[in-house]
Amino acid sequence: MHYYLVLITALAALMWNLVSFAQFGPDALNPLPGGITPQPDKLSAPTAQTPTDFEQQLVERVNQEREAQGLGPLKRNVLLDSSAGTHSDNMASRDFSAHCDLDLVTSPFDRMSAAGYVWNSAGENIAAGYATPDSVMIAWMGSSGHRNNILSGSYREIGVGHTHQPADFNNVRTDSNGDCVADGNAGAFYHYWTQNFGRRNDVYPVVINREAAETDTRGVDLYVYGAGWAADMRLKNENGTWSLWESYSSNKSWSLSVGSGVKQVEVELRNNDNTVRTASDTIALTLPCAVPDDQLDLPIQTIDYQQTFQACLLIAAASGLEINGPGDVTFHAPRIALGPGFKVQQGARFTVMSDTP
């Protein structure tokens, strides 16, 4: 079983003399630097999840590693996704494992630029032969160069690509010295991975919940890039109104708009020269119930009819609420708050439905 894990990184705008390159063949990865040995994967078996699932998991795993080191999360970028996904597809379909496209002679930087990503700092990790996001992340984090890319403070955005090639063979061309000329064959690998990292001048992303795909609560954590440039910021939800300008902070607690669905948070950053930059991010919100209100306040004093009141988090009844006959009232929420003086009169019925004691 063979594994290939290689990286390339550049940390200055278009300065090729600062490019560092390292390649690790099968011997160097068994065990990996740092004493981590990859567990054998069932490489010939189809993956249970789609490539899109694996790619999102990989982004979230990267940001978990960055959070553990006190670093800001990377924002997933569609242009970097395109360059990374194309490279993984090409490696799988044209039987090579290298940063340089051995047929088109294009570098990672060529591919990112061709995708429309105008970078001033960029890098790439690739790997072949790891069947899951967890296994490839273990390998990358066990290699100092790949780990440095993942944990670099020079990047703000990420793109990922994973391609599963079930009909792979041991004819995968490799480039051991990085000169863009095939000098050996290896494989079969079945799985091909690419991470593209980047930063763009004057682009300050906002990231919701460290780039998680979904949440089940309206309260979220935002990470806002802009340190050293922004003086103030303001925010809004989709179709909402702007908050008041406040002093810039990279970390911000925020509440999404009511109701389940895809939510967007927009940010405007302003510097001391009154130059404004904008950014946005989205996340899927799936609330535990289908009603639009998190909290329902009932100011009414008497109920003498049939009614179900429902809220996603809390129903708070006014003090002195009375349910009179023939009232048939149901409160349905995780939490119910009944004020002092609450009464259910003879002939009335009151039901509480709650999953929370």
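The structure this text deals with has already been given above.
All values reported here derive from a predicted model rather than from experimental measurement.

Participant: Got a sec to walk through the overall build of the protein chain? Specific residues and values, please.
Facilitator: A tally of regular secondary structure across the protein chain gives 5 helices and 26 strands. Within the protein chain, the fraction of its 357 residues that count as buried is 47%. Of all intrachain contacts in the protein chain linking residues separated by at least 6 positions in sequence, the fraction that spans at least 24 positions is 60%. For the protein chain, the exposed area adds up to about 16500 Å²; of that, 49% sits on carbon and sulfur atoms.

Participant: Summarise the sheet that holds strand β4 (residues 96-97); cite the residues concerned and give the values.
Facilitator: Remark on secondary structure: sheet strands pair via backbone hydrogen bonds, oriented parallel or antiparallel. Spatial strand order, β4-β7-β8: 3 strands in an open sheet with mixed pairing. What marks the edges here is a single partner per strand, and that holds for β4 and β8 (184-186). Bridge count between β4 and strand β7 (residues 172-174): 2 bridges; the pairing is parallel. Residue pairing for β7: Phe 96 is matched across the bridge by Arg 173.

Participant: Can you lay out the packing of aromatic side chains for me, pointing to particular residues and giving the numbers?
Facilitator: Counted by the stated rule, this structure contains 9 aromatic pairs. Measuring from ring centre to ring centre gives 5.4 Å for Tyr 155 and Phe 197, while their planes differ by 20°; the resulting arrangement is stacked. With Tyr 155 in the loop between α5 (144-150) and β6 (157-164) and Phe 197 in strand β9 (residues 191-199), this residue pair connects regions lying 42 residues apart in the sequence. On the basis of relative accessibility, which here comes to 1%, the residue Tyr 155 falls in the buried class. One aromatic cluster in this structure is built from Phe 309, Phe 331, Phe 342 and Phe 350. Over the face of the ring belonging to Trp 245 we find Arg 270, whose NZ or CZ atom lies 4.0 Å from the ring centre.

Rules of the game
Residues numbered from 1 in each chain as written. Predicted model: local features only at pLDDT ≥ 70, side-chain atom pairs only at ≥ 80, totals over all residues. Heavy atoms only, no water. Helix = DSSP H or I, 4+ residues; strand = E, 2+ residues; numbered from the N terminus. Buried < 20%, exposed > 50% of the residue type's maximum accessible area, 1.4 Å probe, protein only. Contact = heavy atoms within 4.5 Å. Areas by Shrake-Rupley, 256 points an atom, 1.4 Å probe, with all protein chains shown as cover. Pairing = 2+ DSSP bridges. Phe/Tyr/Trp six-rings, centres within 6.5 Å; stacked < 30°, edge-to-face > 60°. Lys NZ or Arg CZ within 6 Å of the ring centre and 35° of its normal.

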